[in-house]
Amino acid sequence: MKKLDAVKVLQDVVKINSVNGNEEEVAFYLEKLFTEYGIKSKLIKYDEGRMNLIAEIGNGSGPVLGFDGHQDTVSIGDESKWTYPPLGAVIADRRMYGRGTTDMKSGLVAIVIAMIQLEESDIEINGTVRLYATVGEEKGELGAGQIADLGLVDDLEALVVCEPTGADYKTLKLNQEILNQNITPYNGEKRLIFIGHKGSINYEVQSEGIAAHSSMPQLGINAITPLIQFYEKQQAYFDSLKLEDELLGLTTPVVTLINGGEQINTVPANASLGVKIRTIPQIGNQEIINKIQHIVDECNKEKNTKLTLKVSENVLPVKSKKSAKIVKVCQEVVEKELNQKVPIVGISGGTDASQFIRVKPDLNVVVCGPGNSTAHQIDEYVEVNNFLEFITIYENLIKKYFDL
């Protein structure tokens, strides 16, 4: 078998335009690569042009360790603003540039290469290493949700999400104990391991009134007025959310959208308000949704009020135990390979793990992968050496987890 060129594989995958909704070419590429090295994989169709992929190595006689990486990327944006073509995978100054290099094709390809290299070695894994290459993570964790609903994560003992975990500490609002640690930056940024992240609720409250000419408002019902009343009651509830998680912090609600009316001289017949809430385990998602519904119901008791709550996203928070085997193994392996201390933290942003713990609440998860804070940005890049080091990290993590 010819020697595997990991950098070329990453370039090949980055060159595939897999903006959310067009992931199947990545899945087909990985399936072909696994087949070349005798690794079984299967495709699971999500929708037209969208394929999840699952691949496994090991003898199947022990625990199942999962790895998760999504195939989709956010949009390219204004291509004219990129220094290098966003689908070019150009390497310059030891960095590979392109959409998805950091988020998260480098992490996905790193575990693919690690699995192939382990399969090519003489090491026997007493258990199963399973890769989930998912679709639609950037817009609702769609593929992970499908996989979870199909029962394909029920036997997992632990999960590694290969999302990028290199960051400027100050941007993450880490506690002072971590900020005070004398940790040398890695290629300008510092490495972290996430063992938890906040959940998410998206909802819209719609208000229905009756249109009328502004000179005769008594003939109509202004849809904005009850929405303001709802906002005030909702804000009072938000202000009451004082419980704080030691890893994830406070529940974070933000009113992000408001719409109402059609023109200046017409009483508005419709108005709406949109909210994004980042949640923590101490105040459950359903508890919050129930409370918002209660506020809506209370407002609807008032004359001329017709409010409707529509929840468009309900994603659970993720929090693992610091004492979990996967957390200890991951920290030890990463610190040894990178020769630096790597703090264990939580973040606000979400991952596919929320879908996995929806069906397996006690699953311990770590988020750890190559990449940096250029995710979703113009001139997104990954340090090539960082990508290569994570191939070794994943190999050694698997070896240590299975006591090889």
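The preceding data block contains the structure.
Residues numbered from 1 in each chain as written. Predicted model: local features only at pLDDT ≥ 70, side-chain atom pairs only at ≥ 80, totals over all residues. Heavy atoms only, no water.

Asker: How should I be thinking about the sheet that holds strand β11 (residues 199–208) in this particular structure?
Answerer: Whenever strands of a sheet pair, they do so through backbone hydrogen bonds, lying parallel or antiparallel. Pairing in this open sheet of four strands is antiparallel, and the strands run β15-β17-β11-β18 from one edge to the other. Every interior strand has two partners, whereas the edge strands, β15 (252–260) and β18 (307–315), have only one. Going from strand to strand, the sheet's axes swing by 15° on average, the running direction of each strand aside. For β15 and strand β17 (residues 270–279), the ladder comprises eight bridges, and the chain directions are antiparallel. When the sheet's bridge partners are listed, L257 is paired in β17 with G274. Against the sheet, helix α6 (residues 224–239) engages β11, β15, β17 and β18, with an angle of about 15° to β17. Across the sheet, helix α7 (residues 285–299) is in contact with β11, β17 and β18; its angle to β18 comes to roughly 170°. (Pairing = 2+ DSSP bridges. Helix = DSSP H or I, 4+ residues; strand = E, 2+ residues; numbered from the N terminus. Axes fitted to C-alpha atoms, helices over the stretch in contact; angles between N-to-C directions. Contact = heavy atoms within 4.5 Å.)

Asker: I tried to follow the nonpolar core on my own but got confused; where do I start?
Answerer: If you look at soluble globular proteins, the nonpolar side chains tend to sit buried side by side. Counting residues in each nonpolar core, the largest one holds 69 residues, and the members touching the most others are L65, F67, I326 and Y394. Considering every element that reaches this core, the biggest residue donor is helix α3 (residues 101–120), with eleven residues. If we ignore the near neighbours within four places in the chain, the residues touching F67 are I111, V129, R130, L131, Y132, L159, V160, C162, Y394, L397 and I398. The next biggest cluster of nonpolar side chains, apart from the first, holds 23 residues, and it includes I44, A144, A148 and L363. (Core = buried A, V, L, I, M, F, W, Y, C linked by side-chain atoms within 4.5 Å. Buried < 20%, exposed > 50% of the residue type's maximum accessible area, 1.4 Å probe, protein only.)

Asker: Can you help me understand helix α10 (residues 384–401) in this one?
Answerer: A turn of α-helix holds 3.6 residues, and therefore any two residues three or four places apart point the same way. Spanning 18 residues, α10 covers 26 Å between terminal C-alpha atoms, matching the ideal 26 Å at 1.5 Å per step. Residues of α10 that are buried include every one of V384, N386, F387, F390, I391, I393, Y394, E395, L397, I398 and Y401, and no others. Just downstream of α10 lies D403, where phi reads positive at about 55°. (Expected span 1.5 Å × (residues − 1).)

Asker: Would you explain helix α4 (residues 142–149) in this entry?
Answerer: The buried fraction of α4 amounts to six of the eight residues, a majority that puts the element mostly inside the structure. Within the span of α4, buried status applies to G143, A144, G145, Q146, I147 and A148. The first or second residue beyond α4 is G151, which carries a positive phi of 80°.

Asker: Explanation requested: the pattern of salt bridges in the structure shown.
Answerer: Any two side chains of opposite charge can pair if their charged atoms end up close together. Scanning the model with the defined rule gives 14 salt bridges in all. Note that E383 and R95 form a salt bridge whose closest N and O atoms lie 3.1 Å from each other. Taken as a pair, E383 in strand β22 (residues 381–383) and R95 in strand β5 (residues 95–97) lie far apart in primary sequence, 288 residues in all. The partly exposed category is assigned to R95, whose relative accessible area is 25%. Through salt bridges with shared partners, one network takes in E56, R130 and D155. (Salt bridge = Lys/Arg side-chain N within 4 Å of Asp/Glu carboxyl O.)

Asker: Any chance you could explain the packing of helix α1 (residues 6–15) against helix α2 (residues 24–36) here in plain terms?
Answerer: Packed helix pairs are specified by the crossing angle of their axes together with the interaxial distance, meaning the distance between the axes. Contact geometry for α1 and α2: axes closest at 9 Å, N-to-C directions at 155°. Relative to α2, the element α1 is oriented roughly antiparallel. Seen from above, α1 lies across α2 with right-handed handedness. Each of V9, D12 and V13 in α1 lies in contact with α2, whose residues at this interface are V26, Y29, L30 and L33. When its residues are assigned to classes, the contact of α1 with α2 shows six nonpolar, no polar and one charged. (Parallel < 35°, antiparallel > 145°, perpendicular 65-115°, else oblique. Left-handed = near helix turned anticlockwise from the far one by under 90°. Nonpolar A, V, L, I, M, F, W, Y, C, P; charged D, E, K, R; others polar.)

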